[in-house]
Amino acid sequence: MATGHVEKRGKKWQVVLELGRDSQGKRIRKYVSPKCETRKEATTLLAMKIAEIERGEYIDPEAGQVTVETLMEQWLNSKGNIKPTTRENYEIVIESRITPRIGSIPLSKLTPLHIEAFKNELLRKGRSDGKGGLSSRSVEYTLVILKSALEKAVDWELIPRNPARNIEMPDTDDSKDVRPFTVEQSKRIMETVKGERLYAAFVVLLATGIRRGELLGLRRKDILWKTKQLYIRQALVRRNGGLEFSSTKNKQKRKITVSENVLNVLRKHLNKQNDERLKAEEYNDLDLVFCRPNGDPINPSTFTHYFTDTIMPKAGITNEQLEENETYNLHSMRHTTATLLLKHGYSMKQIQEILGHTSITTTMDIYTEVDSELEERAAMELDRIVFG
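Note that the structure is a prediction, hence the values are computed from the model and not measured.

Caption draft 1: Representation of the overall build of the protein within the structure. A tally of regular secondary structure across the protein gives 15 helices and 10 strands. Counting every position in the protein, which comprises 388 residues, the buried fraction comes to 44%. Restricting the contact set of the protein to residue pairs at least 6 apart, pairs at least 24 apart contribute 64%. Surface exposure of the protein reaches about 21000 Å², of which carbon and sulfur atoms provide 47%.

Here it is in structure tokens:
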């Protein structure tokens, strides 16, 4: 049982807590700040601190000086073997949203009002480009991460309770839904990227529906020329501030059949890449199909911004054409492929295998609104869009 006493130090009174003994038998004493003006005040403060200890709410003041920024770093380090893409998402949220706004606040001073103000700021002006607020879903995701870290702080006895526990999540009715491109929009995109160094990358994206990381992790040895297939077995991801190769999402390898037209585009692309390799003073040959001119991997975020900030505007595609809760982005290419295949007769099972979904229910949840037609027309339709 915790005890304590008060003692006079100079002209003021000091509260001293007796917290038992450590593993070597030494007394554990904590000196409570600030000192009190009178013995009565000190005695009252002593009673309050002992009551906190008995309720399990006492936190060492030194622990409470840990800042939100430090907590987020420790929390992320404690996550262990999570997927690299998940870790990347956590890092982006922490570095771009949480740390700049509330990172300097000590945990002992962090209140629900701070977090409520933080939430409202993200909704009003949370975008990194300064063009308004984040979607409700993005804010909710941020708050979930912050709440989780603060709950861990409680477990670590850095704070007595989680100040974010009762914060209400924003209404997610206005969260953004990624929309597929229309046939006409897809054709405009392919016309726009013709002549671009990474033209073949967009051909593969639209013809196969593979994920961004899978595209940028594709190697020359993964092109199975004889069977006309792409072997999807690794992905490029961002982790710990750098890029590395990981297993595909859900750790599933798969082979996707492509047309001869797609293979021809890849042949031309690799011939140009070989010319780049011969001309380069230094070349980092990682066997990548799509890479920077010196062979280094392409940062996935850079590739996304290249598409949304350069290609989409050139193709005359903007999010102003959509409802407020909808958006176009690079992932729209994947949705476009699946939607066209479903419209032209591919079964949900076939789409699941092509896209690499773990469960067919995932595929059905996303694409249940698409009607079925004839399977043979699917490949022709994709070829017509990609090659005009």
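Caption draft 2: Seen up close, the sheet that holds strand 6 (residues 229-232). Read from one edge of the open sheet, 3 strands run 5-6-9, paired in antiparallel fashion. The strands lining the two open edges of the sheet, one partner per strand, are strand 5 (223-224) and strand 9 (254-257). Of the strand pairs in this sheet, strand 6 and strand 9 are connected by 4 bridges, and their pairing is antiparallel. Bridged to Y231 within strand 9 is K255.

Caption draft 3: View of helix 10 (residues 260-279). With 20 residues, helix 10 should reach 28 Å at 1.5 Å per residue; the first-to-last C-alpha distance of 29 Å fits that figure. Taken as a whole, helix 10 has its buried residues at V262, L263, V265, L266, H269, L270 and Q273. Taken around the axis of helix 10, the buried residues stretch over an arc of 150°, which confines them to a single face. Facing away from the buried side of helix 10 by more than 90 degrees, the exposed set consists of K268, N271, K272, L278 and K279.

Caption draft 4: Expanded view of the packing of aromatic side chains. The full count for this structure, using the stated rule, is 6 aromatic pairs. Between F202 and Y306 the ring centres are 6.1 Å apart and the planes differ by 45°, which places this aromatic pair in the tilted class. In this pair, F202 is assigned in helix 8 (residues 199-208) and Y306 in helix 11 (residues 300-314), connecting sequence segments 104 residues apart. Cluster of aromatic residues (ring-pair linked, three or more members): F181, F202, F303, Y306, F307 and Y328. Across from the ring centre of Y231, 5.1 Å away, lies the NZ or CZ of K255, which sits over that ring.

Caption draft 5: Just the packing of helix 7 (residues 183-193) against helix 8, in detail. Axis separation between helix 7 and helix 8 bottoms out at 9 Å; the angle between their running directions is 160°. Between helix 7 and helix 8, the crossing angle belongs to the class labelled roughly antiparallel. Handedness of the crossing formed by helix 7 with helix 8: left-handed. The segment helix 7 lies against helix 8, with S186, M190 and V193 engaging Y199, F202, V203 and L206. When the residues that make up the contact of helix 7 with helix 8 are grouped by side-chain class, the tally is 6 nonpolar, 1 polar and no charged.

Caption draft 6: Layout of the pattern of salt bridges. Summed over the entire model, instances satisfying the criterion amount to 16 salt bridges. Here E191 and K194 are joined by a salt bridge, their closest N and O atoms 3.7 Å apart. Since its relative accessible area comes to 39%, K194 is described here as partly exposed. Between R267 and E260 there is a salt bridge; the shortest N-O distance is 3.1 Å. On the basis of relative accessibility, which here comes to 34%, the residue R267 falls in the partly exposed class.

Caption draft 7: Representation of the nonpolar core. By size, the foremost hydrophobic cluster in this structure holds 52 residues, and its most contacted members are M190, F202, L266, F290 and F303. In terms of residue count, the dominant contributor to this core is helix 8 (9 residues). Apart from residues lying up to four places away in sequence, F290 is in contact with L198, A200, A201, V204, L215, L216, L218, L266, H269, Q273 and I298. In terms of nonpolar packing, the next biggest core, distinct from the first, is built from 31 residues, V66, L150, V154 and A164 among them.

The rules behind the values
- Residues numbered from 1 in each chain as written.
- Predicted model: local features only at pLDDT ≥ 70, side-chain atom pairs only at ≥ 80, totals over all residues.
- Heavy atoms only, no water.
- Helix = DSSP H or I, 4+ residues; strand = E, 2+ residues; numbered from the N terminus.
- Buried < 20%, exposed > 50% of the residue type's maximum accessible area, 1.4 Å probe, protein only.
- Contact = heavy atoms within 4.5 Å.
- Areas by Shrake-Rupley, 256 points an atom, 1.4 Å probe, with all protein chains shown as cover.
- Pairing = 2+ DSSP bridges.
- Expected span 1.5 Å × (residues − 1).
- Arc of directions from axis to C-beta.
- Phe/Tyr/Trp six-rings, centres within 6.5 Å; stacked < 30°, edge-to-face > 60°.
- Lys NZ or Arg CZ within 6 Å of the ring centre and 35° of its normal.
- Axes fitted to C-alpha atoms, helices over the stretch in contact; angles between N-to-C directions.
- Parallel < 35°, antiparallel > 145°, perpendicular 65-115°, else oblique.
- Left-handed = near helix turned anticlockwise from the far one by under 90°.
- Nonpolar A, V, L, I, M, F, W, Y, C, P; charged D, E, K, R; others polar.
- Salt bridge = Lys/Arg side-chain N within 4 Å of Asp/Glu carboxyl O.
- Core = buried A, V, L, I, M, F, W, Y, C linked by side-chain atoms within 4.5 Å.

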